[in-house]
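Residue-level listing of the chains:
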Amino acid sequence: MTTSELTIREPDDWHLHLRDGALLHAVLPHTTADFARAIVMPNLVPPVVTCSDAQRYLETIVKNIPAGDRFEPLMTLYMTETTDPAEVETGAKSGLIKGVKLYPAGATTNSDSGVRDVEKIYPVLERMSEIGLPLLVHGEVVDAGVDIFDREAVFIDRVLEPLRVRFPELRVVLEHLTTEQAVEYVKSSPGAIGATITTHHLIINRNAILAGGIRPHYYCLPVAKRERHRRALVAAATSGDARFFLGTDSAPHLDSAKIAACGCAGCYTAINALSCVAQVFENEDALEHLEAFVSLSGPAFYGLPANDTRIRLVRSETPVEYPASVPVEGAEVTVFDPGFPLYWTRAD
C-alpha cells in the first residue's frame, strides 16, 4: 500500500544560493516555507570574505524573511588566498560562521576571486582543523586540459585527497556530488568527510541538457553526468548513510542570464525541492530514509542539533502544481522542472 503521510523532523538545506537585492526578496520565501535552516553560499559580488561581510549579509537575509516563518541562515565565508586564519577563528567562535567555502578560481558562478594555489591557504586549513570548522568544497579542477565531465574525479585525485592527507583532522564537505567516483570516495574515506547531493542531480543526467536541443535551465556546475552516475547518487541519498545529506544548490538566475550566448550555470529548485526529493525517495521505495537525508545527517555532521519541530508531508492523489517561473521586478526565474509528476508537499 502506498504511504500517504509522513511525519519527520523539519528539514534543512545544506547548500543554498540566495543572491541579494530583488532576487533575494523573491526567492527566500520558497526556502523558508519548507526549510528551518540553510547554509548560505558566499559567492556574491563582491564575495563575503570577512565576518563583517557575513554579518551584513545575515542582517539583509533576516530582513527579508516572511512574517511568521521561522528560518535561520547559517553563514559562510568565501576562501581567498589572503583569508586570515584569525578572522576565520573569530567568526567560528562567535557562532556567526559555520563553514568556509573553497571555490577553485573560475570553477562556477562568481568564483573569480577563488583559490588558484591551494598551498596559499594551508595556514587557514590548519586553523580550521584545530577548531573543527568545516571546509565546504566545490570539487572541480579548472584545468583547460581536463574534460568538463571529468573535472570532479580529477579534483578528488589531484587536490582533495592530498589535502586531506596533509590535514587529516579537517572536516570536509564535498559539495554537490555528481559522479560515482565521488560517492565511492566519500564512502571509503576515513575521517570527517560528508557530502551534499542536490535535488536536480538526483533527477537529471546530461541528456536533459543536450538531447534533442540545448536546454539551458538544466545547465549547472558541476554539470550533470551519465545515467550511471545519477543512479549512484540516488543510491547514496536513499541509503540512510549519514555521510550524505541534502544541499539543494538552488541557484536562481534571471532567464536573461540563462538564455544567452554564454548562459549562467544553476537550477532554481527551492520552490519544489522538498517535493522533488520526496518523490525520488518514493520512487526508490526508500521513504523510511527520507528523514535522515533531509533532516538528520546534515546537522549531525555540522555538530548542530536536529530541529525540534516536526512537519507532515502528505501525498496527494493528483499531481502538485508549481509555477513555471518566479517574477523578479518584471523579469523571470524559471523553476526546475523534474520531468515527472510530484505528489508530495508539506502539509503545515
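Okay, so let's go over this structure. (Residues numbered from 1 in each chain as written. Predicted model: local features only at pLDDT ≥ 70, side-chain atom pairs only at ≥ 80, totals over all residues. Heavy atoms only, no water.)

**Topic: helix 6 (residues 180-188)**
Counting along an α-helix, one turn takes 3.6 residues, and residues three or four places apart therefore face a common direction.
Moving on, step 1. For helix 6, the complete set of buried residues consists of A182, V183, Y185 and V186. Along helix 6, the residues classed as buried sweep out an arc of 160 degrees about the axis, all on the same side. (Buried < 20%, exposed > 50% of the residue type's maximum accessible area, 1.4 Å probe, protein only. Helix = DSSP H or I, 4+ residues; strand = E, 2+ residues; numbered from the N terminus. Arc of directions from axis to C-beta.)

**A closer look at the sheet that holds strand 1 (residues 5-9)**
Moving on, step 1. Sheet architecture is open: three strands sit in the order 1-10-13, paired in antiparallel fashion. Two strands in the sheet have a free side with no partner beyond their single neighbour: strand 1 and strand 13 (344-346). Across the sheet, the axes of successive neighbouring strands diverge by a mean angle of 30 degrees, strand direction being ignored.
Moving on, step 2. With three bridges connecting them, strand 10 (residues 310-315) and strand 13 associate as antiparallel partners. (Pairing = 2+ DSSP bridges. Axes fitted to C-alpha atoms, helices over the stretch in contact; angles between N-to-C directions.)

**Brief notes about the packing of helix 3 (residues 85-94) against helix 4 (residues 122-131)**
Helix packing for two helices is described by the angle between their axes and how far apart those axes are.
Moving on, step 1. Viewed as axis vectors pointing N to C, helix 3 and helix 4 meet at an angle of 25 degrees, and their least axial separation amounts to 9 Å. Judged on the interaxial angle alone, helix 4 and helix 3 are roughly parallel. Helix-helix and strand crossings are classified by hand; for helix 3 and helix 4 the assignment is right-handed. On helix 4, the residues that touch P85, A86, V88, E89, A92 and K93 of helix 3 are P123, V124, R127, M128 and I131. (Parallel < 35°, antiparallel > 145°, perpendicular 65-115°, else oblique. Left-handed = near helix turned anticlockwise from the far one by under 90°. Contact = heavy atoms within 4.5 Å.)

**Quick look at the side chain of H138**
Moving on, step 1. Structurally, H138 is set in the loop between strand 6 (135-137) and helix 5 (151-166).
Moving on, step 2. In this structure the side chain of H138 is engaged in a polar contact, spanning 3.2 Å, whose partner is the side chain of H176. (Polar contact = N/O pair within 3.5 Å; in protein donor to acceptor, adjacent residues only side chain to side chain.)

**Looking at empty space enclosed by the protein**
Vacant regions in the atomic arrangement are exposed by a probe of water-molecule size rolled over the atoms.
Moving on, step 1. Taken as a whole, this structure holds three cavities of 30 Å³ or more when the rule is applied.
Moving on, step 2. H17, T108, L221, D249 and A251 are the residues nearest the centre of the largest cavity, which is lined by 17 residues in total.
Moving on, step 3. The residue inventory of the lining of the largest cavity, partitioned by class, reads six nonpolar, eight polar and three charged.
Moving on, step 4. As for the second largest cavity, its lining consists of 13 residues, of which H217, K258, G266, Y268 and T334 are closest to the centre.
Moving on, step 5. Listing elements by their share of the lining of the second largest cavity, those giving two or more residues are helix 9 (255-258) and strand 12 (331-334). (1 Å grid on protein atoms, 1.4 Å probe; cavity = no way out; pocket = protein on both sides within 12 Å on 5 of 7 lines; lining within 4 Å. Points joined across faces, edges and corners; volume = space filled by probe spheres on them. Nonpolar A, V, L, I, M, F, W, Y, C, P; charged D, E, K, R; others polar.)

**Structural notes on helix 1 (residues 21-32)**
Moving on, step 1. The terminal C-alpha atoms of helix 1, which comprises twelve residues, lie 17 Å apart, in line with the 16 Å expected from a rise of 1.5 Å per residue.
Moving on, step 2. Contacts made by the buried residues of helix 1 are with strand 2 (13-16), helix 2 (51-63), strand 11 (325-328) and strand 12. (Expected span 1.5 Å × (residues − 1).)

**What about the nonpolar core?**
Moving on, step 1. Counting 97 residues, the largest nonpolar core has M79, M128, L177 and L202 as its most contacted members.
Moving on, step 2. Sorting elements by how many residues they give to this core places helix 10 (residues 273-283) first, with seven residues.
Moving on, step 3. Once you skip the residues sitting within four places of it in the chain, M128 turns out to touch M79, V88, V100, L133, P134, L135 and L170.
Moving on, step 4. Counting residues in hydrophobic clusters, the runner-up holds eleven residues, among them W14, M41, Y78 and L136. (Core = buried A, V, L, I, M, F, W, Y, C linked by side-chain atoms within 4.5 Å.)

**Structural notes on unusual backbone geometry**
Moving on, step 1. At the junction of V45 and P46, the peptide bond is cis and its omega measures out at -5 degrees in the coordinates.
Moving on, step 2. Inspection of the secondary structure puts P46 in the loop between strand 3 (37-40) and helix 2.
Moving on, step 3. With omega at -5 degrees, the peptide bond leading from L221 into P222 counts as cis.
Moving on, step 4. Examined against the element boundaries, P222 turns out to sit in the loop between helix 7 (207-210) and helix 8 (227-237).
Moving on, step 5. A positive phi angle is found at D249, which is not glycine, with a value near 55 degrees.
Moving on, step 6. Mapped onto the elements, D249 comes out in the loop between strand 9 (244-246) and helix 9.
Moving on, step 7. We classify D249 as buried; its relative accessible area is 6%.
Moving on, step 8. Residue D285 is not a glycine yet carries a positive backbone phi of 55 degrees.
Moving on, step 9. By the secondary structure assignment, D285 is in the loop between helix 10 and helix 11 (290-302).

**Side note on the sheet that holds strand 8 (residues 193-197)**
Moving on, step 1. Read across the sheet, eight strands follow the order 2-3-4-5-6-7-8-9 without closing on themselves; strand pairing throughout is parallel. Each edge of the sheet is formed by a strand with only one pairing partner; in this case those strands are strand 2 and strand 9. Averaged over all adjacent pairs, the angle separating strand axes in this sheet is 30 degrees, with direction ignored.
Moving on, step 2. When strand 2 meets strand 3, the two strands line up parallel, connected through two bridges. Within the sheet, the bridge partner assigned to L16 lies in strand 3 and is V40.

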